[in-house]
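# Structural characterization, general
Chain by chain, the residues run as shown.
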Amino acid sequence: MLDVKAISAGYGDMKVLDCVSLTVESGEAVSLVGSNGAGKTTLLRAISGLVPVWSGSIVFDGQDLGALPAHKLPALGIAHIPQGRGVLTQLTVKDNLLLGGYVPAARERRPETMKMVYDLFPVLREKESQLGGSLSGGQQQMLAIARALMSHPKLLILDEPSLGLAPIMVEAVFEIIKTISGQGVSLLLVEQNLAEALAVSTRAYVLETGRVVLHGASDELANNEHVRTAYLGI
């Protein structure tokens, strides 16, 4: 579904990604792991059209994304939840969700999709009239995921979904991610909690200083000596 081929990208004159390649198959969950500053967020932003690609190509579902502006990607089936969640704090929970279903293919299905996300996130149904900014961190993360699901994405990109959450909320968020993956949505996940990331994904890539240095099945990487020492502290 997603084919990233040898891309290089950065900011100004600073190269952050150097000849990075990865794939995500239809219905597959893939994790991208690495230390702070490795280029993980830049890679996600490049895929979403928020960072210009200097060289290489990004193809999604047969469509070359190179010439497309970022605002065209949701209609293709790509939903990106950035670090910090991106909740519209001065809008209600309900209005945040309605905006998530604004793309033409999803607009007519908003009532049934709203019911689906409320069933998945009952707390959002209870708080639908509250402002997004009044929710707890964990509830805002749930709202960000629910809003993305309103667009009926084929690929859901999540950047550090557990960042800043209490352990009990981290567990709840990852249970939801497992449920979404089980429904056939493709996932590309960046996550600081490596154990959780590998547990919900089928494959993973390790990014170091802008290059992919390891990739393979998640269970294999969880037992890799370098990964265990560098990222699991074992």
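Structure report, in brief.

Taken together, 4 strands build an open sheet; the order of strands is S2-S1-S4-S5 and the sheet is antiparallel. Strands at the two margins of the open sheet, each flanked by one partner only, are strand S2 (14-24) and strand S5 (63-64). Pairing geometry for strand S1 (residues 2-11) and strand S4 (residues 53-60), over 6 bridges, is antiparallel. Bridge pairing in S4 places Val-4 opposite Ile-58. Packed onto the sheet, helix H1 (residues 40-47) meets S1, S2 and S4 and runs at close to 115 degrees relative to S1.

This part covers the pairing of strand S7 (residues 155-159). Within S7, 5 of the 5 residues are buried, which leaves the element mostly enclosed by the surrounding structure. Here S7 shows a buried face lined by Leu-155, Ile-157 and Asp-159 and a second buried face lined by Leu-156 and Leu-158. Relative to S7, strand S6 (residues 78-81) is paired through 4 bridges, and the arrangement is parallel. Bridging across to S7, Ala-79 finds its partner in Leu-156. Taken together, the 5 bridges between S7 and strand S8 (residues 186-190) define a ladder with parallel strand orientation. Across the sheet, the residue bridging to Leu-158 is Leu-189, located in S8. On the question of chirality, the crossover connecting S7 to the parallel S8 by way of helix H8 (residues 167-182) is right-handed.

This part is about the packing of aromatic side chains. Scanning the model with the defined rule gives 0 aromatic pairs in all. Over the face of the ring belonging to Tyr-102 we find Arg-107, whose NZ or CZ atom lies 4.4 Å from the ring centre.

Take the sheet that holds S8 next. The 6 strands are arranged S6-S7-S8-S3-S9-S10 in an open sheet whose pairing can be described as mixed. The open sheet has two edge strands, S6 and strand S10 (211-217), and neither has a second partner. Adjacent strand axes in the sheet meet at a mean angle of 15 degrees when their direction is disregarded. Contacting strand S3 (29-33), S6, S7, S8 and strand S9 (203-208), H1 crosses the sheet at an angle of about 150 degrees to S7. The strands touched by helix H7 (residues 137-149) within the sheet are S6 and S7, with S6 carrying the most contacts at an inclination of about 170 degrees.

About the criteria used
Residues numbered from 1 in each chain as written. Predicted model: local features only at pLDDT ≥ 70, side-chain atom pairs only at ≥ 80, totals over all residues. Heavy atoms only, no water. Pairing = 2+ DSSP bridges. Helix = DSSP H or I, 4+ residues; strand = E, 2+ residues; numbered from the N terminus. Contact = heavy atoms within 4.5 Å. Axes fitted to C-alpha atoms, helices over the stretch in contact; angles between N-to-C directions. Buried < 20%, exposed > 50% of the residue type's maximum accessible area, 1.4 Å probe, protein only. Right-handed = clockwise from strand over helix to strand, strands pointing away. Phe/Tyr/Trp six-rings, centres within 6.5 Å; stacked < 30°, edge-to-face > 60°. Lys NZ or Arg CZ within 6 Å of the ring centre and 35° of its normal.

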